[in-house]
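Fold and geometry: a report
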Amino acid sequence: MGLEPRILAKVDGRLRSQLRKRDKGLTARVPVSPEQWAVWKRYCDMLGVSAGGGLAVLVDHELASIVEEEVETLTESVKAREAAVAAREAEVAERGESVARREHSCDWRETQIEAKRLRLKEREQRLDARQEALDILAAASQPRTPHRAKPKPGRNELCWCDSGKKYKNCHLSWDQSRNG
């Protein structure tokens, strides 16, 4: 039966109230033989309850047992779900701890990488400084050849441009204007 307990309680309350109204009387058709009805009537009389009241108690008892069975199955279902939820929460907590450990490990690795980057940068700077020093030493250790200007040709010598003309007739005036 798929009735909720509050609906069953409402039905039960209405049945009891109707059965207690003796003057209006509630007729219940029960498929029993006259002999069974007589036994039922005697039983109710011995208890001091009307047959209708006894029937109401019987229906109440039956409905209560149905509700109890449903409550028991619901309770078991709820307990099973609570256990599943608790297991899931434990799993989530475990995963959270695992994530936290991984994050901590990643943070530690990032600090290690950053420290290595700084050491590498310092080494590069030292290498650059050494290279500059080596370049200076190499330049200083090479013999210097003095820069000598080409000797000016004499006025009557052949021009330096290999034109075959005398210098005075070829580039003398140009050289003088350039050198000021």
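Let me sum up the structure you'll find in this document. (Residues numbered from 1 in each chain as written. Predicted model: local features only at pLDDT ≥ 70, side-chain atom pairs only at ≥ 80, totals over all residues. Heavy atoms only, no water.)

A side chain of one charge can pair with a side chain of the opposite charge when the charged atoms of the two come close. The final tally for this structure, using the stated rule, is three salt bridges. Here Arg95 and Glu91 are joined by a salt bridge, their closest N and O atoms 3.1 Å apart. One end of the pair, Arg95, and the other, Glu91, are both in helix H3 (residues 51–141), four residues apart, so they sit about a helical turn from each other. Looking at Arg95, the relative accessible area reads 52%, which means it is exposed. Relative accessible area serves as the criterion here: at 31%, Glu91 is assigned to the partly exposed category. Connected through shared salt-bridge partners, Arg88, Glu91 and Arg95 make up one network. (Salt bridge = Lys/Arg side-chain N within 4 Å of Asp/Glu carboxyl O. Helix = DSSP H or I, 4+ residues; strand = E, 2+ residues; numbered from the N terminus. Buried < 20%, exposed > 50% of the residue type's maximum accessible area, 1.4 Å probe, protein only.)

Here the focus is a nonpolar patch on the surface. There is a patch of nonpolar side chains on the surface, built from Tyr43, Met46, Leu47 and Val49 and spanning about 430 Å² of accessible area. Looking at the secondary structure, you find Leu47 in helix H2 (residues 34–47). With relative accessibility at 55%, the residue Leu47 sits in the exposed group. (Patch = residues over 30% accessible without salt bridge, like charges linked within 9 Å, V, L, I, M, F, W, Y side chains within 5 Å. Areas by Shrake-Rupley, 256 points an atom, 1.4 Å probe, with all protein chains shown as cover.)

Right, let's talk about unusual backbone geometry for a bit. A positive phi angle, close to 60°, is found at Asp162, a residue other than glycine. Relative to the helices and strands, Asp162 is located in the loop between H3 and helix H4 (172–179).

This paragraph deals with the packing of aromatic side chains. For the structure shown, the criterion picks out one aromatic pair. Here Trp160 and Trp174 contribute two aromatic rings whose centre-to-centre distance is 6.3 Å and whose plane-to-plane angle is 45°, an arrangement assigned as tilted. A residue pair is termed long-range when its members are at least 10 positions apart, and Trp160 in the loop between H3 and H4 and Trp174 in helix H4 qualify at 14 residues. Residue classification places Trp160 among the partly exposed residues on the basis of a relative accessible area of 45%. Given a relative accessible area of 41%, Trp174 falls into the partly exposed group. (Phe/Tyr/Trp six-rings, centres within 6.5 Å; stacked < 30°, edge-to-face > 60°.)

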